[in-house]
Amino acid sequence: MIKVCFYGAESTGKSTMAERIAAHYQTEFVPEVAREVISSNDFDESEIVKIGEEQTRRVHEKALIANRILICDTDLITTQIYSEQYLGKIPERLLELEAEIHYDKYFLFDIDTPWVADGLRDLGDKRVEMNYKFREALNQRKIQFTLVHGSWDQRFEIIRAEIDGLLSQ
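Residues numbered from 1 in each chain as written. Predicted model: local features only at pLDDT ≥ 70, side-chain atom pairs only at ≥ 80, totals over all residues. Heavy atoms only, no water.

> Could you give an account of helix H6 (residues 127–140), with specific residues and numbers?
If you check H6, its first and last C-alpha atoms are 20 Å apart, about what 14 residues at 1.5 Å a residue would give, namely 20 Å. Burial in H6 covers these residues: Arg 127, Met 130, Asn 131, Phe 134, Ala 137 and Leu 138. All buried residues of H6 fall inside an arc of 125 degrees around its axis, so they share one side. Structural note: H6 exposes Val 128, Tyr 132 and Gln 140 on the side pointing more than 90 degrees away from its buried face. Here the buried face of H6 lies against strand S1 (2–7), helix H4 (76–87), strand S4 (105–109) and strand S5 (145–148). In the segment just after H6, Lys 142 is the residue with positive phi, at about 55 degrees. (Helix = DSSP H or I, 4+ residues; strand = E, 2+ residues; numbered from the N terminus. Expected span 1.5 Å × (residues − 1). Buried < 20%, exposed > 50% of the residue type's maximum accessible area, 1.4 Å probe, protein only. Arc of directions from axis to C-beta. Contact = heavy atoms within 4.5 Å.)

Quick look at the structure:
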């Protein structure tokens, strides 16, 4: 099973592209669980841990039924970044959960898309800063990634070409 992670700051098209790519490959995708657990960015440590645990559980669950490749619309590094941003700390449990799942490919979504408010997103004025944090978290862990940028069709083609390469190995 190949696991790929769509990763990056808010409002960069990860969720939309996760559904589109999963449909293209006739496989499963794991949505961003945080959107199901919280309705605002006023959350506490127990809620962020719950998000991490449920995200991890869903990846394990969907990996059992996915068709060769599993598309994941976030990861535990992302949960840690937002925990640090909103709570000023990262619970140890999120670090433990991060170690449970290995992604074969990371796609870092660039911020060259319009920012769209949706009730949960509130960092539109910090896009450059958040993009840097996401990139640095991968660099610190020595995780290689493919940058996803451009129009929606260009983004799709970047991802499709990389996944086709993974599937042909």
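> Could you give me a rundown of the packing of helix H1 (residues 14–24) against helix H7 (residues 152–168), with the residues and numbers involved?
Running from amino to carboxyl end, H1 crosses H7 at an angle of 50 degrees, the nearest separation of the two axes being 11 Å. Accordingly, the angle class assigned to the pair H1 and H7 is oblique. Along this stretch, H1 crosses H7, giving a crossing that reads as right-handed. When H1 is examined against H7, the residues Met 17, Arg 20, Ile 21 and His 24 are found in contact with a partner set consisting of Trp 152, Asp 153, Arg 155, Phe 156, Ile 159, Arg 160 and Ile 163. Broken down by class, the residue content of the contact of H1 with H7 amounts to six nonpolar, one polar and four charged. (Axes fitted to C-alpha atoms, helices over the stretch in contact; angles between N-to-C directions. Parallel < 35°, antiparallel > 145°, perpendicular 65-115°, else oblique. Left-handed = near helix turned anticlockwise from the far one by under 90°. Nonpolar A, V, L, I, M, F, W, Y, C, P; charged D, E, K, R; others polar.)

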